[in-house]
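Spelled out from the first residue to the last, the chains are:
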Amino acid sequence: MGKTMSSDDTIRAFVALELSEDGKAFLESVSDSLRRTRADVKWVRPEAIHITLKFLGEIAKDLISDIEQDLTPVFAQQPPFRLTVRGLGAFPNLSRPRVIWAGIHEENPCLSRVAGRVETVLEPRGFAREKRPFSPHLTLGRVRSGKGIGELVDTIRQKLDLTGPSFVARRAVLFQSILKPTGAEYHALRHFPFSDR
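Residues numbered from 1 in each chain as written. Predicted model: local features only at pLDDT ≥ 70, side-chain atom pairs only at ≥ 80, totals over all residues. Heavy atoms only, no water.

## Examining the overall build of the protein chain
Condition: Working definition: helices are DSSP H or I runs of at least four residues, strands are E runs of at least two. Numbering for both runs from the N terminus. Atoms considered for the radius of gyration are the C-alpha atoms alone. The globule rule reads 2.2 Å times the number of residues to the power 0.38. A 1.4 Å probe rolled over the protein chains alone gives each residue an accessible area, and that area as a share of the maximum for its type sets the label: buried under 20%, exposed over 50%, partly exposed in between.
What the protein chain contains, in helices and strands, is 4 helices and 9 strands. Reading the protein chain from its N end, one meets helices and strands in the order β-α-β-β-α-β-β-α-β-α-β-β-β. The C-alpha radius of gyration computed for the protein chain amounts to 18 Å, which stays within 12% of the reference 16 Å derived for 197 residues, consistent with globular compactness. Considered along the principal axes of its C-alpha atoms, the protein chain spans approximately 55 × 45 × 30 Å. Taking all 197 residues of the protein chain together, the buried fraction comes to 47%.

Below, the structure written as structure tokens:
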């Protein structure tokens, strides 16, 4: 009989890319304009906005070093690449918005390839592959009710082709996510620099 994991033995974790400071400042201004609609949305703090490559969920703390071993070569072989904040929308769609997002445009498919490699190396550790195709985005907020939703959707429609700053992704991060009433807090556990060649 295996030992039961307590919450002290596990953490909630994900692998992500960080946004540049000017990218965060740009998204803060976008969120501020959406916030003025007074829609009932739980907005994400700008410093917490990131591009998720792989959500791991609850993992055993003693798996962290194995995950680090698996991911280090993936990112060490990856040259830095340029990304641009572009587009605004909602999941599943603007008729039934649940998650408000800003899009990420990549000049070549490095981001999708890296996400695919992360999936491949972590699958033998028991992390199931994502069934949906990889859709890089930046979560700005989560809709809590229908209050003010019409004005919010109208404002998003006016900004569908929004274009923000470009930035160069130079590393990935394994984050711990701590859920708090004020919103999730993220702590970097490991940094994975990209290739400097």
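Picking up where we left off.
## Some details on the side chain of S177
Stated formally: Residues are treated as being in contact if the distance between any of their heavy atoms lies within 4.5 Å.
Turning to its location among the elements, S177 is positioned in strand 8 (residues 171-178). Residue class for S177 comes out buried when judged on its relative accessible area of 5%. Those residues in contact with S177 that sit more than four places away from it in its chain are R12, F14, A184, E185 and Y186.

## With respect to the packing of aromatic side chains
Our working definition: Aromatic rings from Phe, Tyr and Trp, with only the six-membered ring used for Trp, were paired whenever their centres fell within 6.5 Å, and each pair was classed as stacked if the ring planes differed by under 30 degrees, edge-to-face if by over 60, and tilted otherwise.
Going through the model one piece at a time under the given rule, you end up with 7 aromatic pairs. On the basis of an interplanar angle of 40° and a centroid distance of 5.5 Å, the ring pair of F75 and F192 is categorised as tilted. Of the two residues, F75 is situated in helix 2 (residues 64-76) and F192 in strand 9 (residues 185-193); the sequence distance between them amounts to 117 residues. Judged by relative accessible area, which is 0%, F75 ranks as buried. Taking relative accessible area as the criterion, F192 reaches 2% and is therefore assigned buried.

## Focus on the sheet that holds strand 5 (residues 99-106)
Condition: Strand pairing is assigned whenever DSSP detects at least two bridges linking the two strands. For helices, the fitted line uses only the C-alpha atoms of the stretch in contact; every axis is such a line through C-alpha atoms, and the angle between N-to-C directions lies from 0 to 180 degrees.
Strands sit in the order 2-6-5-4-7 across an open sheet of 5 strands; the sheet is antiparallel. Here the strands that pair on one side only, and so sit at the sheet edges, are strand 2 (41-43) and strand 7 (163-169). When the angles between neighbouring strand axes are averaged without regard to direction, this sheet yields 30°. For strand 2 and strand 6 (residues 137-143), the ladder comprises 3 bridges, and the chain directions are antiparallel. Considered in strand 6, the bridge of W43 is made with G141.

## What about the nonpolar core?
The following threshold applies: The set of buried Ala, Val, Leu, Ile, Met, Phe, Trp, Tyr and Cys residues whose side-chain atoms join them within 4.5 Å is what this entry labels a nonpolar core.
Among the nonpolar cores identified, the biggest contains 54 residues, and L17 and F75 are the most heavily contacted of them. In terms of residue count, helix 3 (residues 110-122) provides more of this core than any other element does, 6 residues in total. Aside from chain neighbours lying at most four places away, what touches L17 is H50, I51, L53, F81, L83, L111, A169, R171, A172 and F194.

Scope: geometric values only; no functional claims are made or implied.
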